Amino acid sequence: QVQLVESGGGLVQPGGSLRLSCAAAGFTFSMYAMNWYRQAPGKERELVAAIASAGGSTNYGDSVKGRFTISRDNAKNKNTVYLQMNSLKPEDTAVYYCSTVISGYHYWGQGTQVTVSS
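Just so you know, these numbers come straight off a predicted model, no measurement behind them.

About the thresholds
Residues numbered from 1 in each chain as written. Predicted model: local features only at pLDDT ≥ 70, side-chain atom pairs only at ≥ 80, totals over all residues. Heavy atoms only, no water. Salt bridge = Lys/Arg side-chain N within 4 Å of Asp/Glu carboxyl O. Helix = DSSP H or I, 4+ residues; strand = E, 2+ residues; numbered from the N terminus. Buried < 20%, exposed > 50% of the residue type's maximum accessible area, 1.4 Å probe, protein only. Disulfide = S-S within 2.5 Å. Core = buried A, V, L, I, M, F, W, Y, C linked by side-chain atoms within 4.5 Å. Pairing = 2+ DSSP bridges. Axes fitted to C-alpha atoms, helices over the stretch in contact; angles between N-to-C directions.

1. Quick look at the pattern of salt bridges
- A full pass over the atoms with the stated rule returns four salt bridges.
- Ionic pairing is found between Arg 38 and Asp 92, a salt bridge with its closest N-O pair at 2.9 Å. Taken together, the residues Arg 38 in strand E4 (residues 34–39) and Asp 92 in the loop between strand E8 (80–85) and strand E9 (94–102) connect sequence positions 54 residues apart.
- For Arg 38, a relative accessible area of 6% translates into the label buried.

Written out as structure tokens, the structure is:
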């Protein structure tokens, strides 16, 4: 079965950096685009970044452009998507989710909490 497991969240001061990882299993990782979403308390889930299956094309939400970078490692022993987050702001505080869409079904990880606070 499809498994997406996020890690790397935590508490960071404004201006700091974090790198999130999402380990994927149960499907042919290199064939599917991958996404990072986030959801802050009281807000709707929003798309943060997306990367094409081969990694050649990326897209970002307007609020994170120039600060966040999505990447992926399609090696069989990795099957991981990353989100490098720099210049973090308090408004980046949210639960961050890794996701993919396979045959029209949206799969989600369990999420990892990112808190930006002094």
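2. Points about the state of the cysteines
- Tallying each qualifying case throughout the model produces one disulfide.
- Two residues share a disulfide in this structure: Cys 22 and Cys 98, whose sulfurs sit 2.1 Å from each other. On the sign convention where negative means left-handed, the S-S torsion of about -75° between Cys 22 and Cys 98 marks this disulfide as left-handed. Residue Cys 22 is found in strand E3 (residues 18–25), and its partner Cys 98 is found in strand E9; the two are separated by 76 residues along the sequence.

3. A few points about the nonpolar core
- Counting 27 residues, the largest nonpolar core has Trp 36, Val 81, Leu 83, Met 85 and Tyr 96 as its most contacted members.
- Taken together, the elements giving at least two residues each to this core come down to E3, E4, strand E5 (46–51), strand E7 (68–73), E8, E9 and strand E11 (112–116).

4. Overview of the pairing of E7
- Because side chains alternate across E7, one face comprises the buried residues Phe 68, Ile 70 and Arg 72, and the other comprises Thr 69, Ser 71 and Asp 73, none of which is buried.
- Linkage of E7 to E8, two consecutive antiparallel strands, is achieved through a turn of six residues, within which Asn 79 is found at a positive phi near 45°.

5. As for the sheet that holds strand E1 (residues 3–7)
- Pairing is antiparallel in the open sheet, where four strands are placed in the order E1-E3-E8-E7. Because the sheet does not close on itself, it has two edges, and the strands there are E1 and E7. Neighbour-to-neighbour, the strand axes of the sheet open up by a mean angle of 15°, direction not taken into account.
- Pairing analysis gives five bridges linking E1 to E3, with the strands arranged antiparallel. The residue of E3 that forms the bridge with Leu 4 is Ala 24.

Just distances and angles here, no functional claims.
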